[in-house]
Amino acid sequence: MGLSDARLAEIAAEVVRVPGVIGVVLGGSRARGTHTPESDTDLGLYYRAPLDVDRLGAVARAFAGPSAQVTTPGGWGPWVDGGGWLEVDGGALDFIYRDLDRVRGVCADLERGTYAFHQQGGHPLGFADHAYAGELALGRILTDPTGELGTLRDSLRTYPPALSEALIAGLWEADFLVALARKGIPRLDTAFVAGCLFRLVGVCAHALHGAAGRWLINEKGAVAATAALPGAPERFAERVDQAFAALEGEPLRLRLAIDIAADLVLDTTDACTMMVR
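Residues numbered from 1 in each chain as written. Predicted model: local features only at pLDDT ≥ 70, side-chain atom pairs only at ≥ 80, totals over all residues. Heavy atoms only, no water.

Student: How do you make sense of the layout of surface pockets when you look at a structure like this?
Tutor: Rolled over the atoms, a probe sized like a water molecule indicates the empty space that remains. When its volume is computed, the largest pocket comes out at roughly 1,500 Å³. Lining of the largest pocket is provided by 49 residues; of these, G28, R32, D42, I217 and N218 occupy positions nearest its centre. Mapped by element, the contributors of at least two residues to the lining of the largest pocket are β1 (21-27), α2 (28-32), β2 (41-47), β4 (91-99), α5 (131-138) and α10 (222-227). Broken down by element, the lining of the largest pocket gets its largest block of residues, four residues, from β2. Split into classes, the residues belonging to the lining of the largest pocket amount to 20 nonpolar, 18 polar and 11 charged. Quantified by volume, the second largest pocket comes out at close to 180 Å³. In terms of lining residues, the second largest pocket is bounded by 13 residues, among which F198, V201, E219, A222 and V223 are the most central. Only α9 (190-212), α10 and α11 (236-245) provide two or more residues apiece to the lining of the second largest pocket. (1 Å grid on protein atoms, 1.4 Å probe; cavity = no way out; pocket = protein on both sides within 12 Å on 5 of 7 lines; lining within 4 Å. Points joined across faces, edges and corners; volume = space filled by probe spheres on them. Helix = DSSP H or I, 4+ residues; strand = E, 2+ residues; numbered from the N terminus. Nonpolar A, V, L, I, M, F, W, Y, C, P; charged D, E, K, R; others polar.)

In structure tokens, the structure reads:
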């Protein structure tokens, strides 16, 4: 069950009064209109240190009850940062911290074509730092007293061309992963091959989104989102499933899985070339 716009506005108005909070953004599937009735409501709390966690905790308890808790910045890891998992009016509401100065720094890097996947619990591919920009670009600003969030989002209305080029150039790693995966065949190392193919698919997904000028901000649903891109390789999602379905501890099956993935890399490279013309 989702919260009404009026309820979200009420919560955002209280949150932004907390010292350190710069603005509040509705994110996730509810901001994009792709949510289901079971989807959480994600609120991005853009802050500048020091963040008054005690005051924010009091706000959380006012809306979610006496057991509600929020973390300190960094409590969920270096890139997810922190926040709180709350229940408000019978629905799941997540506070998710975003250090505004760090977000601004990432956005500046993207304009230069610099990005990275960072080790982070809960993100098997790695946390894509350009997701920070995508979250703001795709989110709905609920409150922004200083106008900083709106100004930064305006700068993201055009997908950074340098990021597009860099993500496509990153397909070198997908080729490399095909070669690495083949080394697992003599050892019947299914887990190693699976790991290589998972990362390979992620690299392809981000390259194709970059070529299309579309933000990809989550590993969950990335294959389906990629398959839906105009110009994506034919049967992208089906071929990914076929590759993983072939992963068994037997040489011919492992070779089949890798061959399917290798063909997908080739078609991804061709598709990216066509998409950016």
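Student: I'm lost on the packing of aromatic side chains in this one. Help?
Tutor: In this structure the tally under the stated criterion is eight aromatic pairs. With a centroid separation of 6.1 Å and 25° between ring planes, the pair formed by W79 and F127 is classed as stacked. Highlighted residues: W79 in the loop between α3 (53-64) and β3 (83-88) and F127 in strand β6 (residues 127-128), separated in sequence by 48 residues. The pair W79 / F127 is uniform in exposure class, with both members buried. Taken together, W79, F127 and Y132 form an aromatic cluster joined through their ring pairs. Directly above the aromatic system of W79 lies the positively charged group of R102, at a separation of 3.7 Å from the ring centroid. (Phe/Tyr/Trp six-rings, centres within 6.5 Å; stacked < 30°, edge-to-face > 60°. Buried < 20%, exposed > 50% of the residue type's maximum accessible area, 1.4 Å probe, protein only. Lys NZ or Arg CZ within 6 Å of the ring centre and 35° of its normal.)

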